[in-house]
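# Fold and contact review
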Amino acid sequence: MKFNRNFLGIASAVFLFGLFAFIPLEEKKIVVIDAAHGGNDLGADYGGGLQEKLIVERIAKLVQIQNKDNNLEIVLLRDGDQSIELAERVSIINKLKPALVISLHANASKNITKNGAEAYIAADGKFYNQSKESAETLLQKVAAENLSKGSVSGANFFILKKSNCPAVTLEVGYLSNEKDRKYITSEKGQIEIAKKILESLE
Ligand SMILES: [Zn+2]
């Protein structure tokens, strides 16, 4: 009888482990990270291989890699250097029905002193309040010691307008500014930005 009781104990422990190890996908919070540009569309290009498309792709991957929250599913719209039409991006987003979309960009300006992280949201629509709140939290987290904090502005970007969910465009800093460039192209900076993005989702 002792054997049987032990067996039951192990069996129920295995059962319980199985129950908690596989939380169904629909109960997870899905956040889509849209690494902007890709393929022939380089985005901002500083030269010497410092391209916006590669910076945002790396940060997007680091968000997914560093996610340790079992209740959070990070979905990447692209995990390689391929070009995806904006309409296709939106169609994927709207099928996933995520809690939030973060579209990642890096900025550039002729004015090389311009710097810092900035965010954009659709100027109106039914997700305005949630998008605004997410954008404020994102900026608060990402703009820390190494990036100055810019503002949240309304914009008519296709992804922001057409996504059926809260959506934020996050400009992670200026490739044209020396201090920002060093930070957003460094491994340390990219890891940190990705961590801060995850913290903003807690
Ligand atoms: Zn861009």
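Residues numbered from 1 in each chain as written. Predicted model: local features only at pLDDT ≥ 70, side-chain atom pairs only at ≥ 80, totals over all residues. Heavy atoms only, no water.

### Description of the pairing of strand 5 (residues 149-155)
What counts, and what does not: DSSP calls a pair of strands paired once it identifies at least 2 bridges connecting them. Here a strand is any run of E in DSSP of at least two residues, a helix any run of H or I of at least four, and the numbering for each starts at the N terminus. If the strands point away from the viewer and the path from the first strand over the helix to the second runs clockwise, then the crossover is right-handed.
Pairing geometry for strand 4 (residues 117-122) and strand 5, over 5 bridges, is parallel. Paired with tyrosine 120 across the strands is serine 153, a residue of strand 5. Note on the crossover from strand 4 through helix 4 (residues 128-142) to strand 5: the handedness is right-handed.

### A look at the UniProt feature "domain: MurNAc-LAA" (unreviewed entry) in the protein
Note the threshold: UniProt positions are given in the numbering used here, feature names are shortened, and annotations may be inferred rather than shown by experiment.
Under the present numbering, the feature "domain: MurNAc-LAA" (unreviewed entry) in UniProt falls on residues 90-202. Here residues 90-202 runs as 43% helix and 26% strand, with 24 Å between its end C-alpha atoms.

### Brief notes about the environment of alanine 123
Heads up, the condition is: Should any heavy atoms of two residues lie within 4.5 Å, those residues are counted as being in contact.
Of note, alanine 123 is situated in the loop between strand 4 and helix 4. With 50 residues separating them in the primary sequence, alanine 123 and glutamate 73 have C-alpha atoms 27 Å apart. Setting aside anything within four residues of it in sequence, one finds alanine 123 in contact with Tyr128, Gly154 and Ala155.

### Notes on the side chain of glutamine 66
We count it as follows: Burial classes: relative accessible area under 20% of the type maximum marks a residue as buried, over 50% as exposed, and values in between as partly exposed (1.4 Å probe, protein chains only).
With respect to the element layout, glutamine 66 can be found in helix 2 (residues 52-66). Since its relative accessible area comes to 19%, glutamine 66 is described here as buried. The contacts of glutamine 66, once residues within four sequence positions are left out, are Ile191, Ala194, Lys195 and Leu198.

### A few points about the coordination of the zinc ion
Threshold: Each metal's donors comprise the N, O and S atoms found within 2.8 Å of it (within 3.2 Å for Na, K or Ca). Water is not part of the atom list, so some coordination spheres may appear incomplete.
Those protein atoms acting as donors to the zinc ion are His37 (NE2), Glu52 (OE) and His105 (ND1), and they sit at 2.0 to 2.1 Å. If you list the donors of the zinc ion from N- to C-terminus, the spacing comes out as H-x14-E-x52-H. Of this pair, glutamate 52 sits in helix 2 while histidine 105 sits in strand 3 (residues 100-107), placing them 53 residues apart in sequence. Histidine 105 gets classed as buried once you look at its relative accessible area, which sits at 18%.

### Section: the nonpolar core
Quick note on the threshold: Nonpolar core, defined: a set of buried Ala, Val, Leu, Ile, Met, Phe, Trp, Tyr and Cys residues in which side-chain atoms within 4.5 Å join the residues together.
Core analysis: the biggest nonpolar cluster contains 37 residues, and Ile33, Ile102, Leu104 and Ile197 have the highest contact counts within it. Element by element, the count of residues in this core is highest for helix 2, at 6 residues.

### Here we look at the environment of alanine 60
Checked against the element boundaries, alanine 60 lands in helix 2. By relative accessible area, alanine 60 is classed as buried at 1%. When the C-alpha positions of alanine 60 and isoleucine 102 are compared, they lie 9.5 Å apart, and in sequence the two are 42 residues distant.

### Some points on the side chain of serine 176
Our working definition: By the criterion applied in these results, polar contacts are pairs of N or O atoms within 3.5 Å in which, for protein atoms, one can donate a hydrogen and the other can accept it, and in which residues neighboring in sequence qualify only through two side-chain atoms.
For serine 176, the position within the fold is in the loop between strand 6 (167-174) and helix 6 (178-185). In terms of polar contacts, serine 176 uses its side chain to reach the backbone amide nitrogen of serine 109, at 2.8 Å. Setting aside anything within four residues of it in sequence, one finds serine 176 in contact with Asn107, Ala108, Ser109, Ile112 and Arg181.

### Overview of the sheet that holds strand 5
Stated formally: Only the contacting stretch of a helix is used when fitting its axis, a line to C-alpha atoms as for every element, and angles between N-to-C directions run 0 to 180 degrees.
If you walk across this open sheet you meet the 6 strands as 2-1-3-6-4-5, and the pairing is mixed. Single-partner strands in this sheet number two, and they are strand 2 (72-76) and strand 5. Adjacent strand axes in the sheet meet at a mean angle of 25°, parallel and antiparallel pairs treated alike. Sheet strands touched by helix 3 (residues 86-96): strand 1 (29-35), strand 2 and strand 3. Its angle to strand 1, the strand with the most contacts, is close to 170°.

### Description of the pairing of strand 3
The buried count for strand 3 comes to 8 of 8 residues, which makes it a mostly enclosed element. Of the two faces of strand 3, both are covered, the one formed by Leu100, Ile102, Leu104 and Ala106 as well as the one formed by Val101, Ser103, His105 and Asn107. Relative to strand 6, strand 3 is paired through 6 bridges, and the arrangement is parallel. Looking at strand 6, one finds that valine 101 is bridged to alanine 167.

### Digging into helix 2
The test is simple: By this rule the span expected of a helix is its residue count minus one, scaled by 1.5 Å.
With 15 residues, helix 2 extends 21 Å from end C-alpha to end C-alpha; this agrees with the ideal 21 Å at 1.5 Å per step. Looking at the buried residues of helix 2, the elements they touch are strand 1, strand 2, strand 3, strand 6, helix 6 and helix 7 (187-200).

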